[in-house]
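Chain by chain, the residues run as shown.
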Amino acid sequence: MDRVHTNAQHGVLTATTMNSRVSYRRQRVLVGHRGFAPEQVSESVHGVAVGPDGAIHVVGDSRVVVLSPDDQRLRSWAAARPGYSLAVAADGSVYVGEEGQVELFDRAGKRHDVWRDAQRFGLVTAIGLFDEGVVVADVRDRCLRRCDRAGRVLNNIGKDNKMKGFLVPNRHLDFAIDREKVLHVCNPGKHRVERYTVDGKLLGHFGRFTGSDPAGFSGCCNPTNIALTPNEHVVVTEKAGPRAKLYDAQGKLLALIGEGDFDLSCKNMDVAVDGEGRVYVVDTVRLQLCVYTAVETGNTTKPTRPPASQEVSP
Amino acid sequence: MSDKPTRREILGHAVRGATLVGLGGAATYLLTKSGKEGTWKLNPEACVNSRLGAVGVDVCERCATSCVLALSAVRAVNDHDKCGRCYICPAYFDVQSAITPEGLPSQKLCPRDAIDRKPIGDIDPDDPANNYYEYTIDERLCNGCGRCVMACKEPAGLTSIRLEVRHDLCLDCNRCAIAMDCPDDAYDRSPVS
Amino acid sequence: MIEDSNVRGCEHTRSWRERRARRGTWVGLVCVVALLLPAAPALGQYERPVDAAPAAEDIGEDYAVPVVQVHPPRAAWRELVDVIVLGGALGLAAWIVHWRRSRRALVALTIGCIAYFGFHRQGCVCPIGAIQNVTVALVDSQYAISYFAVAIFFLPLVLAVLFGRVFCAGVCPLGAIQELVLLHPLRVPRRTDRLLGLLKWVYLVAAIGFAARTAVDRDFIICRFDPFVGFFRFAGPLHMLLIGGGLLLVGVFIGRPYCRYFCPYGAILSLLSRVSWRRVTITPDKELDCGLCAEACPYGAIKDLRAERSTCLACARCFDYCPRHRIRTTGGRAPEAAVSPGKES
């Protein structure tokens, strides 16, 4: 069982395990702006993804906003409908999941295609890209759909069980796709992360309901969102006790991220990891992006303090 | 004893008449401002137990303790149209309690055990987690303490449980003791539509 | 196109999903419009779920979502009935006191009114408390007083202008319950009685004062310290039951202490009954000035051998002391043994 030390003040946590000590320090907060100018989101932030050049794409309200890692606003554009998810391809094109459709934009923000299907794209809360196609998560139908690059649905994933889909009381179905085209899907009602092939075959799962023990998941539906790190570790976010957690591929808890950093009412906090392993977590209430970097703490459990200049009051 | 009314009597009649006119006028004026008698209602947007954003605060149990009746007229009600029917309900279970070997929390949240949990639909006998569950609150036991309301509130749950004044039990006091005690002024006596 | 068999299987629910999707599209459009509106208040940060519950089709096996029971409040026509009953009781009391002149009939009415207004309606809303509602209606333009409260406030007042305090006679449940426990009435010295009677006015002013405050500070103190409603409900806070019990205990010896010394509505009635059209006369016809009625009133309302309009509670106890009344009731036969003053008839 992992012993966990907390320092609630600074959001730094250390999970001491047998072999490694890794902790996450909040590096900076990219402040969302509550406002009504065209570059700002005012009501919600639903999705975050990191582009191939490290640019951070955020979708909120009906806008996509692209930030540089040092919080410069690079560009933003409007989507036709409120966006619930987004994914960035290797060439920088952006897929935005909405209600009833998926919109495709090029890297400059010009829309070049839309896949409209009210039944199969009921509410797209996650998008994953792989070489031959695209997988979208439809929370209305509680399953994933694998599509080809033209947007045609080829098969469902996760529907072939007794509950006819994933159990998603929190109305946000999220998944991540790794290099081997394995889908890591959050099944919040069952308190676990499941792995599927893109053809829909269940490969395995980890996690269980553990109440107050952070090694597993608690509440009625956790984890809510998921992302993969470059070394194939899994980052998930939780609600009702909002935080992010880092697991290895076998489901062993490695670190708690951001405990106490988020507004307590946060729900369905999207998460993304860039090429250097920095973790971006959305605070859906304050409309902020919290950035966490891994810090090797060596032999000491002394928490590191973020520089005062970068501390942002909520 | 004479038949002719005395000055005093006339004065008496005049005063009486004026008083009656005054009363009638006041009554008429008030009737123009009046409406149908309302009943006490709890506003879930104000009550701290159900108000979104009030997370991590203590449950306010005054609806259960302040009512003049021995068993309060306020009940928790689960709106089945909004209930997620989860296997592990944070309002039914105390999700912080120890886990039983079957993987469920060992303690229930309701101090009076008023919530009933039963699997519904196509029941899977092998894996209980593969079922939907219906949660109903027994109104004979519930005293309106509000713990389940707070536990079901977003983000932990789906806010399907709310506190409601049950009109078949409520005495409709002119001065509602709960309304006076409520720290959030969540009680209102507007007419029911 | 490769289609999973499950996808085909879902098509039977397509029309339902079509409807939901179409409705969902409208919801989405409304969301977009709403998002463009100016700043939401602080509560607007938090979103309530939409379409969160698994539908009956998802659950399967012909599951029907149970309907949450809604209990409607008391029907409006019942309030009309209450007003009519109140008017009828007041008229009946007036008739009994002024024409029928029978203590027994009044006791019967008293018991009936305790049963109806006391235990059935549980003593709330009452005309005494309605003082507060009327006060709020006069000072607060947002407050909509109910028709019922207006009716029950003014009806006894109108009857008082016509017939005296017939409301106190046998209709008011608070007075009625005190009437029934009066077993051994003691005389209160006049001065003390008058002085204590001023407390009614203090209470009235205080009640109006507290009711006239703004909504957050407003308190209905008449209801808060209602002595007897706890008994009618068989439940109540301790202070209410103690006050009520204490008053009833005192009321065994000192007649109707709440009515004479504390009731704010009684203060108003005492004022209005001074101009009443019919006054309570102890004698049914001639005034003999024989003095037999001097000690007849347990409430000290007989002054100079006449019933004092403002303090007479029309309880009809004094009638039996009058020889003219006895002649009338016995129809000219030999009068019965005189009832000695100080004992209850």
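Above this text you will find the structure in question.
Residues numbered from 1 in each chain as written. Chains lettered and ligands numbered in written order. Predicted model: local features only at pLDDT ≥ 70, side-chain atom pairs only at ≥ 80, totals over all residues.

A. Quick peek at the overall build of chain C. Tallying secondary structure elements over chain C gives 16 helices and two strands in all. Scored against the burial criterion, the 345 residues of chain C give a buried share of 40%. Expressed as a percentage of contacts within chain C between residues at least 6 apart in sequence, the contacts between residues at least 24 apart total 73%. (Helix = DSSP H or I, 4+ residues; strand = E, 2+ residues; numbered from the N terminus. Buried ≥ 20, exposed ≤ 12 C-beta atoms within 10 Å, placed from the backbone. Contact = placed C-beta atoms within 7 Å.)

B. Local environment of the environment of Gly 146 of chain B. Residues and elements named next belong to chain B. Mapped onto the fold, Gly 146 is located in the loop between β4 (132-137) and α3 (147-152). Taking the number of C-beta atoms within 10 Å as the measure of exposure, Gly 146 has 23 and is therefore buried. For the pair Gly 146 and Glu 61, spaced 85 residues apart in the sequence, the C-alpha separation amounts to 5.9 Å. Every residue in contact with Gly 146, bar those within four places of it in the chain, is listed here: Asn 49, Val 59, Cys 60, Glu 61, Cys 63, Ala 76 and Leu 163.

C. Fine view of unusual backbone geometry. Here the residue pair Asn 222 of chain A and Pro 223 of chain A is connected by a cis peptide bond, since its omega of -5° sits within 30 degrees of zero. Relative to the helices and strands, Pro 223 of chain A is located in the loop between β19 (202-206) and β20 (225-228). Residue Glu 154 of chain B is joined to Pro 155 of chain B through a cis peptide bond whose omega torsion reads 0°. One non-glycine residue, Asp 61 of chain A, adopts positive backbone phi at about 50°. A count of 23 C-beta atoms within 10 Å places Asp 61 of chain A in the buried class.

D. Spatial organisation of the nonpolar core. In terms of nonpolar packing, the biggest core is built from 140 residues, with Ala 93 and Ala 169 of chain C touching the most fellow members. No other element matches helix α7 (residues 147-163) of chain C, which puts 14 residues into this core. The next biggest cluster of nonpolar side chains, apart from the first, holds 78 residues, and it includes Val 88, Ala 126, Ile 257 and Phe 262 of chain A. (Core = buried A, V, L, I, M, F, W, Y, C linked by C-beta atoms within 7 Å.)

E. Spatial organisation of the sheet that holds strand β16 (residues 175-177) of chain A. All names here are of chain A. The four strands are arranged β16-β17-β18-β19 in an open sheet whose pairing can be described as antiparallel. The open sheet has two free edges, formed respectively by β16 and β19, since each of these has just one partner strand. With direction set aside, neighbouring strand axes in the sheet form an average angle of 20°. Bridging between strand β17 (residues 182-187) and strand β18 (residues 192-197) involves six bridges; their strand directions are antiparallel. Bridge pairing in β18 links Leu 183 to Tyr 196. (Pairing = 2+ DSSP bridges. Axes fitted to C-alpha atoms, helices over the stretch in contact; angles between N-to-C directions.)

F. Geometry of the packing of helix α4 (residues 76-100) of chain C against helix α5 (residues 103-120) of chain C. Residues and elements named next belong to chain C. Two elements in contact, α4 and α5, have axes separated by 10 Å at closest approach and are oriented at 165°. Relative to α5, the element α4 lies roughly antiparallel. For the element pair α4 and α5, the recorded crossing hand is left-handed. Every residue of α5 that contacts α4 at Val 85, Ala 89, Leu 92, Ala 93, Ile 96, Val 97 and Arg 100 is listed here: Ala 105, Leu 106, Leu 109, Cys 113 and Tyr 116. (Parallel < 35°, antiparallel > 145°, perpendicular 65-115°, else oblique. Left-handed = near helix turned anticlockwise from the far one by under 90°.)

G. Inspection of the interface of chain C and chain B at higher detail. Taken together, the contact pairs 50 residues of chain C with 47 residues of chain B. Of all the elements in the fold, those that place two or more residues in the side of chain C that touches chain B are α4, α6 (127-139), α7 and α11 (221-224) of chain C. Looking at the side of chain C that touches chain B, the element that brings in the most residues is α7 of chain C, giving seven residues. Partitioning the side of chain C that touches chain B into residue classes produces 35 nonpolar, eight polar and seven charged. (Nonpolar A, V, L, I, M, F, W, Y, C, P; charged D, E, K, R; others polar.)

H. Looking closely at the environment of Val 150 of chain C. Of note, Val 150 of chain C is situated in helix α7. Among the residues examined, Val 150 of chain C registers 23 C-beta atoms within 10 Å and is labelled buried. If sequence neighbours within four positions are ignored, Val 150 of chain C has contacts with Ala 27, Leu 30, Leu 31 and Ser 34 of chain B together with Ile 145 of chain C.

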